[in-house]
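These are the residues of each chain, in order.
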Amino acid sequence: MDAVRDAAVVVTGAGGGIGAALARRFAAEGARVAVNDIDPVRAAAVAEEIGATAVPGDASAIVPDALDALGGTVDIYCANAGLAAPGDAFAAEEVWAAGWDVNVMAHVRAVRALLPGWLERGGGRFVSTVSAAGLLTMVGAAPYSVTKHGAYAFAEWLSLTYRHRGLKVHAICPQGVRTDMLTGAGTAGELVLAPTAIEPAEVADALFRGIADDRFLILPHPEVAGFHRARAGDPERWLDGMNRMQRKWEERDPRAAGAARPRL
């Protein structure tokens, strides 16, 4: 693909799951890839596999190292690292803060560092792995749902603000993907996400179709488009449906009912 061949690409959270699948696909298409993960062993393993460079560390602060690794330029930045941040409105302050930092502010910090160069060159590409939770919501995961809404809003703002200056933005919004994050979602993930879960490579395929079509919103699960329209067209009906899902989860897992009650 011409838009990717020889491009300098950073993929965060690429030690496994969706990030590793993205890194593999970019490398296969001829890009020069920097593989980031907070786990240096996992980052090194994927980098060695695909002939890339490992740039381990916190995704919020790796742009300088990535620039060094890629010869001073980043053409495509994939903000893929994410934190599941399970819990309800009464989750600890630390859980909310960590979700906000990884799922939103890491994106903001990367753009602060890269946007001046992109605008000066008249081009760049920012890929945000948002999740369908950022378009819809996810039962049992208030911090995750809220911060993923923030990630989607930031990607949308970037696109509407800078697309006439050459910045391409893509928001990937899959539902269930067979990764460690899905496993960690517990009974809520089993109920809502597992039945239609796809492989990480299918998410990478969807992104590359979106790049070819120059699309902002990328839906590896096409049915999410219908859910999104229903949510916008009749919010009350959509919320009733999601509340039925909540009640079904509570029936399946008694701990879910306890999690939904305020702790006074």
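Data block above holds the structure.
In short, a report on the structure. Quick caveat, the model's predicted, so the values are computed rather than measured.

**Thoughts on the packing of aromatic side chains**
Tallied over the full model, the rule gives five aromatic pairs. A ring pair is formed by Tyr77 and Phe126, whose centres lie 6.2 Å apart and whose planes are at 5°; its orientation type is stacked. Of this pair, Tyr77 sits in strand β4 (residues 76-79) while Phe126 is found in strand β5 (residues 124-129), placing the two residues 49 residues apart along the sequence. The pair formed by Tyr77 and Phe126 is uniform in burial state, with each residue classed as buried. Note on Phe154 and Trp157: the rings are 6.4 Å apart at their centroids and 15° apart in plane angle, and the pair reads as stacked. With Phe154 and Trp157 both in helix α5 (residues 142-162) and three residues apart, this pair spans about one turn of that helix. Taking the relative accessible area as the measure of exposure, Phe154 reaches 15% and is therefore buried. One aromatic cluster is present, formed by Phe154, Trp157 and Tyr162 through successive ring pairs. Stacked on the ring of Phe208, the Lys or Arg Arg25 has its end atom at 4.5 Å from the ring centre. In this structure, Arg231 is placed above the aromatic ring of Trp238, and the distance from its NZ or CZ to the ring centre is 5.5 Å.

**Considering helix α10 (residues 235-252)**
The end-to-end C-alpha separation of α10 is 26 Å, in line with the 26 Å expected for 18 residues at 1.5 Å each. Of all the positions in α10, only Trp238, Gln246 and Trp249 are classed as buried. All buried residues of α10 project into a common sector of 85° when viewed along the axis, lining one side. What points out from α10, more than 90 degrees from its buried face, is the exposed set Glu236, Arg237, Arg244 and Glu251.

**Quick notes on unusual backbone geometry**
With a phi close to 70°, Asp6 is a non-glycine residue in the positive phi region. By secondary structure assignment, the location of Asp6 is in the segment before β1 (8-11). Positive phi, close to 100°, is recorded for Ser131, a residue that is not glycine. Its location among the elements puts Ser131 in the loop between β5 and α5. Under the relative-accessibility criterion, Ser131 is labelled buried at 11%.

**Describing the pairing of β1**
Going residue by residue along β1, you find Ala8 and Val10 tucked away on one face and Val9 and Val11 tucked away on the opposite face as well. Bridge count between β1 and strand β2 (residues 32-35): four bridges; the pairing is parallel. Opposite Val9, over in β2, you have Val33 as the bridge partner. Across three bridges, β1 lies against β4 in parallel orientation. Across the sheet, Val9 pairs through a bridge with Ile76, a residue of β4.

**Some details on the sheet that holds β4**
Spatially, the seven strands line up as an open sheet ordered β3-β2-β1-β4-β5-β6-β7, and their pairing is parallel. Because the sheet does not close on itself, it has two edges, and the strands there are β3 (53-54) and β7 (217-218). Relative to the sheet, α5 contacts β5, β6 (167-172) and β7, its axis offset from that of β6 by approximately 155°. With respect to the sheet, helix α8 (residues 200-213) is in contact with β5, β6 and β7, its orientation differing from that of β6 by roughly 145°.

**What about the environment of Val33?**
Mapped onto the elements of the fold, Val33 is located in strand β2. Linking Val33 and Asp6, residues 27 residues apart in sequence, is a C-alpha distance of 9.4 Å. Val33 has contacts with Val9, Val11, Ala23, Phe26, Ala27, Ile50, Ala52, Thr53 and Leu70, leaving out every residue within four places of it along the chain.

**Overview of the nonpolar core**
Most often, soluble globular proteins have nonpolar side chains that are buried together. Residues Val10, Tyr77, Phe126 and Leu158 are the most contacted members of the largest nonpolar core, which totals 37 residues. Per element, the largest residue contribution to this core is eight residues, and it comes from helix α4 (residues 93-121). Residues in contact with Phe126, not counting those within four places in the same chain, are Tyr77, Ala79, His107, Val111, Trp118, Leu158, Leu167, Lys168, Val169 and His170. In this structure, Ile18, Ile172, Val177 and Ile211 belong to the second largest nonpolar core, which totals 32 residues.

Basis of the calculations
- Residues numbered from 1 in each chain as written.
- Predicted model: local features only at pLDDT ≥ 70, side-chain atom pairs only at ≥ 80, totals over all residues.
- Heavy atoms only, no water.
- Phe/Tyr/Trp six-rings, centres within 6.5 Å; stacked < 30°, edge-to-face > 60°.
- Helix = DSSP H or I, 4+ residues; strand = E, 2+ residues; numbered from the N terminus.
- Buried < 20%, exposed > 50% of the residue type's maximum accessible area, 1.4 Å probe, protein only.
- Lys NZ or Arg CZ within 6 Å of the ring centre and 35° of its normal.
- Expected span 1.5 Å × (residues − 1).
- Arc of directions from axis to C-beta.
- Pairing = 2+ DSSP bridges.
- Contact = heavy atoms within 4.5 Å.
- Axes fitted to C-alpha atoms, helices over the stretch in contact; angles between N-to-C directions.
- Core = buried A, V, L, I, M, F, W, Y, C linked by side-chain atoms within 4.5 Å.

Keep in mind these numbers describe shape, not what the thing actually does.
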